[in-house]
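Chain by chain, the residues run as shown.
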Amino acid sequence: MELSSTWFTEGQVDFELQQYRLLHYLKEVQQHFDQIKLYPYLSDLVFHYNNLLEFRKNKRLLEDQFPKLLEGLNIKKLELLYEKMLEDDQVMQELEHITEYGLKKMKTAIDSGAGIYEFIESKTRIEPVGILPLYKNEGYVLLHQSNASSIDAYAYTVSLFEQKNARFKGVRLQFIESFRRSLIQTYEQIKLHIVRKIQQLPNPAVFSITTSLTVPVEETFLPITKRLLIRHISSQES
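All of these numbers come straight from a predicted model, not from anything done at the bench. (Residues numbered from 1 in each chain as written. Predicted model: local features only at pLDDT ≥ 70, side-chain atom pairs only at ≥ 80, totals over all residues. Heavy atoms only, no water.)

### Digging into the environment of Gln236
Mapped onto the fold, Gln236 is located in helix α6 (residues 217–237). Among the residues examined, Gln236 registers a relative accessible area of 36% and is labelled partly exposed. Each C-alpha atom, one on Gln236 and one on Lys136, is 9.5 Å from the other, the two residues being 100 residues apart in sequence. In contact with Gln236, not counting residues within four places along its chain, are Leu132 and Lys136. (Helix = DSSP H or I, 4+ residues; strand = E, 2+ residues; numbered from the N terminus. Buried < 20%, exposed > 50% of the residue type's maximum accessible area, 1.4 Å probe, protein only. Contact = heavy atoms within 4.5 Å.)

Okay, structure coming up:
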């Protein structure tokens, strides 16, 4: 179930109705967490939590987000005239109740997901493979989980994004190939194979990321890999 950014103002502004909608959404999110599937569910939760915080701090956002009641139609000017519901004290009190309830429930769910994330991250390590070049915004990452018979190689690219006067880094991963794990098939041997095969970067940055756990790749291991890469590369730039 998806939750829109203005779920708490959609339809009838009724606490029991919105409570049911929220609890149904959170139940599905928790089911994913129980399966150790963190993304996109955790980031989606954080978005909705911050959205509620922003709503509570600045009720002027209602000017754009709040549903308006159609009052009439002026045919000559072709304008829709709306009666804003902002002046309804009862509606505003109900919204306040919904908001406070939503923040409390979402915070509990976020703490649950964050706890899982922190535990997995504590069991995961990132290490350079060979000598790292000065340029690290492109390269390769070798992923391995506990008891897995393969090592998965990905190409990575770090990009800089700007949004609302803020700058942040993102990582794009592209799967290359899987290698069977063995005493002979070392990370260094895999790096050499990739360099010879792709021949795009003569001396690429290569990192191994290993975890002692077994977790879903797409929903958990890859998102954690991206965070670890950004943090590790950024720490070496400072």
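### Here's the deal with the nonpolar core
Membership of the largest hydrophobic core comes to 49 residues, with the highest contact counts inside it found for Leu45, Met106, Tyr156 and Leu229. For this core, the secondary-structure elements that each account for two or more residues are α1 (15–34), α2 (41–57), α4 (89–122), β4 (138–145), β5 (150–163), β6 (166–180), β7 (205–211) and α6. Core analysis: the second largest hydrophobic core is formed by nine residues, Tyr140, Ala153, Ile194 and Val206 among them. (Core = buried A, V, L, I, M, F, W, Y, C linked by side-chain atoms within 4.5 Å.)

### With respect to the packing of α1 against α2
Contact geometry of α1 with α2 gives a least axis separation of 10 Å together with a crossing angle of 145 degrees. The handedness of the crossing between α1 and α2 is left-handed. Where α1 abuts α2, its residues Tyr25, Leu26, Val29, His32 and Phe33 lie against Tyr41, Leu42, Asp44, Leu45 and His48. Of the residues contributing to the contact of α1 with α2, the split by class is seven nonpolar, two polar and one charged. (Axes fitted to C-alpha atoms, helices over the stretch in contact; angles between N-to-C directions. Left-handed = near helix turned anticlockwise from the far one by under 90°. Nonpolar A, V, L, I, M, F, W, Y, C, P; charged D, E, K, R; others polar.)

### Remarks on the environment of Tyr135
Here Tyr135 lies in the loop between β3 (124–128) and β4. Placed 69 residues apart in sequence, Tyr135 and Pro204 show a C-alpha to C-alpha distance of 8.2 Å. A polar atom in the side chain of Tyr135 sits 3.0 Å from the side chain of Glu138. (Polar contact = N/O pair within 3.5 Å; in protein donor to acceptor, adjacent residues only side chain to side chain.)

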